[in-house]
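Geometric and topological summary
Below, each chain spelled out in residue letters.
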Amino acid sequence: MTPESRRLDGNAAAGRLSDVFVFDATAARTRCGGCGMTAPLGVYHVYADAPGMVVRCPTCEAMVMRIAQTPGHTWLDMSGVAALDIST
Amino acid sequence: MGFVSRGFVGRPEAREGTGLLPPGQYDIGDGFPVLSAGPTPRTALADWDFTISGEVDEPERLTWQEFQDLPHEDVTVDIHCVTKWSKFGTTWSGVSLDTLLDRVETSADYLSAFCDGGYTTNLPLEDVTGGSAWIVDRYDGEQLEAQHGGPARLLVPHLYFWKSAKWVRGVALSGVEEPGFWETLGYHIYGDPWREQRYAGD
Ligand SMILES: [Zn+2]
């Protein structure tokens, strides 16, 4: 299998993100810091077979988030996200 | 893809309990999982180069052909992934980091390997010299496949395999250690499998 064929969609990150956010992050409209396109996080690309989980923009493939779980810690890097729009 | 033959590797469980398996690891046998943090970069060899930059007297740049013309070594080593699989007797061919670093003058103590796709990892210079690390372009007698890091990857077999960066394009030398892609996200700064240095604080 190629890495592309193992790629998942953003819903695959829902479980990890629910450790961090009180809302359903996969529904949050997410603006890519690379190209500026906005879409629900659920349609972003997820690479989950690396040591951590990497979320990439479906348009430009820029990395928007990294999530790693280590014993007793959840690590979240959101430096590639320009904004999250959360319906409340 | 040519995997090491079953006869050579033996049964997956054969190495367990022999002292060849670092703590917490299991022998994956013939398997060779592909772990990727993104799409596979596909850089044309005509566009490929390898640079040695940072704290050096003069930066060095090698084209693919110049890299090919450097003396290659055959290496057979065991590799250990932080996701807990180990693979025994992997065979590679590549250029020793000693050969590459001999081309520059430096007083740096660390390097960052950088890669197509944006991946980086940090290493002490003493962990890549003295015959302990290579830039490899062949695996199991064949050209290194893109999914395993081709055209060329770093190979530092004595550390967890995330340090053996795929799609490597160069090293930047520095007096300070700059944590890389996984080292900034909870993984260990050094990554010795025999001391089970998986995570920050281990
Ligand atoms: Zn984008």
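None of these values were measured; they are calculated from a predicted model.

1. A few points about the side chain of arginine 198 of chain B
Residues and elements named next belong to chain B. Looking at where arginine 198 falls in the secondary structure, it is placed in the segment after β11 (168-174). A distance of 2.9 Å separates the side chain of arginine 198 from the backbone oxygen of valine 82, its partner in a polar contact. Those residues in contact with arginine 198 that lie beyond four places of it in its chain are Pro23, Gly24, Gln25, Cys81, Val82, Lys84, Tyr160, Trp162, Tyr187 and His188.

2. Quick word on the interface of chain A and chain B
How large an interface is tends to be reported as the accessible area lost when its parts come together. The interface of chain A with chain B comprises 22 residues on the first partner and 19 residues on the second. In this assembly, chain A packs against chain B so that about 1700 Å² is buried in total across both faces, 64% of it on carbon and sulfur atoms. Along the contact surface separating chain A from chain B lie 0 salt bridges. For the interface between chain A and chain B, the tally reads 5 residue pairs in polar contact (both at pLDDT 80 or more). Only β5 (53-56), β6 (63-70) and β7 (73-77) of chain A provide two or more residues apiece to the side of chain A that touches chain B. At 5 residues, β6 of chain A tops the list of elements feeding residues into the side of chain A that touches chain B.

3. A word on the sheet that holds β7 of chain A
Residue and element names in this part refer to chain A. Read from one edge of the open sheet, 5 strands run β1-β4-β5-β6-β7, paired in antiparallel fashion. Since the sheet does not close on itself, it has two edges, and those belong to β1 (8-9) and β7, each with one partner. Summarising the sheet, β5 and β6 pair through 4 bridges and their orientation is antiparallel. Across the sheet, the residue bridging to arginine 56 is methionine 63, located in β6.

4. Here's the deal with the coordination of the zinc ion
Residues and elements named next belong to chain A. Listed as protein donors to the zinc ion are Cys32 (SG), Cys35 (SG), Cys57 (SG) and Cys60 (SG); their distances from the metal cover 2.3 to 2.4 Å. The sequence pattern formed by the donor residues of the zinc ion is C-x2-C-x21-C-x2-C. Note that cysteine 32 is positioned in strand β2 (residues 29-32) and cysteine 60 in the loop between β5 and β6, a separation of 28 residues in sequence. In this structure cysteine 60 comes out as partly exposed when scored by relative accessible area, which is 35%.

Rules behind the numbers
- Residues numbered from 1 in each chain as written.
- Chains lettered and ligands numbered in written order.
- Predicted model: local features only at pLDDT ≥ 70, side-chain atom pairs only at ≥ 80, totals over all residues.
- Heavy atoms only, no water.
- Helix = DSSP H or I, 4+ residues; strand = E, 2+ residues; numbered from the N terminus.
- Polar contact = N/O pair within 3.5 Å; in protein donor to acceptor, adjacent residues only side chain to side chain.
- Contact = heavy atoms within 4.5 Å.
- Buried area = accessible area lost by both parts, 1.4 Å probe.
- Salt bridge = Lys/Arg side-chain N within 4 Å of Asp/Glu carboxyl O.
- Pairing = 2+ DSSP bridges.
- Donors = N, O, S within 2.8 Å, 3.2 Å for Na, K, Ca; no water.
- Buried < 20%, exposed > 50% of the residue type's maximum accessible area, 1.4 Å probe, protein only.

Don't take any of this as a statement about function, it's just geometry.
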